[in-house]
Amino acid sequence: MANLEKIMAETSKSYDNSRKALNNQINAISGDLAAQQNRINAQYAQQGKNLVNQRNWQAQSSSMAASRNGGSFGGSSEIANKKYYQQAYVPAVTQMQTNQANDLSSAESDANQRRLNLQQTLAQLNDEASKYAM
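Presented here is a report on the structure given in the accompanying data block. (Residues numbered from 1 in each chain as written. Predicted model: local features only at pLDDT ≥ 70, side-chain atom pairs only at ≥ 80, totals over all residues. Heavy atoms only, no water.)

1. Quick look at the overall build of the chain
The cut-off we apply is this: Runs of H or I in DSSP of at least four residues are treated as helices and runs of E of at least two as strands, each being numbered from the N terminus. Remark: exposure states derive from per-residue accessible area (1.4 Å probe, protein chains only) relative to the maximum for the residue type, with buried under 20%, exposed over 50%, and partly exposed in between. Contacts: residue pairs with any heavy atoms within 4.5 Å of one another. Calculation of accessible area relied on Shrake-Rupley with a 1.4 Å probe; when residues are assessed, cover is drawn exclusively from the protein chains displayed.
Scanning the chain from terminus to terminus reveals 3 helices and 0 strands. Starting at the N terminus and walking to the C terminus, you meet the elements of the chain as α-α-α. Taken over 134 residues, the chain has a buried fraction of 20%. Taking as baseline every contact in the chain between residues at least 6 positions apart, the subset at least 24 positions apart corresponds to 85%. When the accessible surface of the chain is totalled, it reaches about 9400 Å², and 50% of it is carbon and sulfur.

Written as structure tokens, this is what we have:
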């Protein structure tokens, strides 16, 4: 009987490395998520800078065009800037912010799903190991 108990204890102990590996993967998810969120935020910050640069270029271009056409005092550059702002800049910024929120939400959902899957695997492993525990 002692041999059977020893075999059962050894078998139960053999699951320790798998438990440790699963726990390490579970613990790494938070850091992976934070890194992914940082990458997403950096990507969208760069896109935001590009939009601001485009807006500034458009304002300068409108001003120069109005100046060449003698309309710099007639408000034509302000009208062109307002039109660009309403028709191009604001929708682009709004879409960018929506995309960023969606990407961050998706990253979090994926991380939570990975965590859940690993926790379920760990629970199954623990159930299996408990069959051999004394």
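2. Concerning the packing of aromatic side chains
The test is simple: Aromatic contacts are taken between Phe, Tyr and Trp rings whose centres are within 6.5 Å, Trp giving its six-membered ring; a plane angle under 30 degrees counts as stacked, one over 60 as edge-to-face, and the others as tilted. In our convention, an over-ring charge means Lys NZ or Arg CZ found within 6 Å of a ring centre and within 35 degrees of that ring's normal.
The final tally for this structure, using the stated rule, is 1 aromatic pair. Between the NZ or CZ atom of Arg-55 and the centre of the ring of Tyr-89, over which it lies, the distance is 4.9 Å.

3. Focus on the side chain of Gln-100
If you trace the backbone, Gln-100 turns up in helix α3 (residues 76-130). Ignoring any residue separated from it by four or fewer positions in sequence, one finds Gln-100 in contact with Ile-40, Asn-41 and Tyr-44.

4. Observations concerning the nonpolar core
We apply this condition: What makes a nonpolar core is a set of buried Ala, Val, Leu, Ile, Met, Phe, Trp, Tyr and Cys residues whose side-chain atoms join them at distances within 4.5 Å.
The biggest cluster of nonpolar side chains holds 18 residues, and the ones touching the most others in it are Leu-22, Leu-51, Tyr-89, Leu-118, Leu-122 and Leu-125. The set of elements that each furnish at least two residues to this core consists of α2 (16-68) and α3. Looking at this core element by element, the count peaks at 10 residues for α3. In this structure Tyr-89 touches Leu-51, Val-52, Arg-55 and Tyr-84, once residues within four positions along its chain are discounted.

5. Quick notes on the environment of Asn-27
With respect to the helices and strands, the residue Asn-27 is situated in helix α2. Sequence separation between Asn-27 and Arg-115 is 88 residues, and the spatial gap between their C-alpha atoms is 8.7 Å.

6. Here we look at the pattern of salt bridges
For the record, the criterion: Each reported salt bridge corresponds to a side-chain nitrogen of Lys or Arg within 4 Å of a carboxyl oxygen of Asp or Glu.
Using the criterion set out here, one finds 1 salt bridge in the structure. Where Arg-19 meets Asp-16, a salt bridge forms, and the shortest distance between an N and an O atom there is 2.6 Å. Of the two residues, Arg-19 and Asp-16 both sit in helix α2, 3 residues apart, roughly one turn of that helix. Of the residues examined, Asp-16 reaches a relative accessible area of 37% and is grouped as partly exposed.

7. Things to note about the environment of Asn-126
Applicable threshold: Distance and chemistry together define a polar contact, namely a pair of N or O atoms within 3.5 Å, with one atom able to donate a hydrogen and the other to accept it when in protein, and with adjacent residues in sequence counting only for side-chain atoms on both sides.
Tracing the sequence through the fold places Asn-126 in helix α3. Among the residues examined, Asn-126 registers a relative accessible area of 32% and is labelled partly exposed. Taking the C-alpha atoms as reference, Asn-126 lies 7.9 Å from Arg-19; in sequence the two are 107 residues apart. Polar contacts involving the side chain of Asn-126 include one to the side chain of Arg-19, which spans 2.6 Å.

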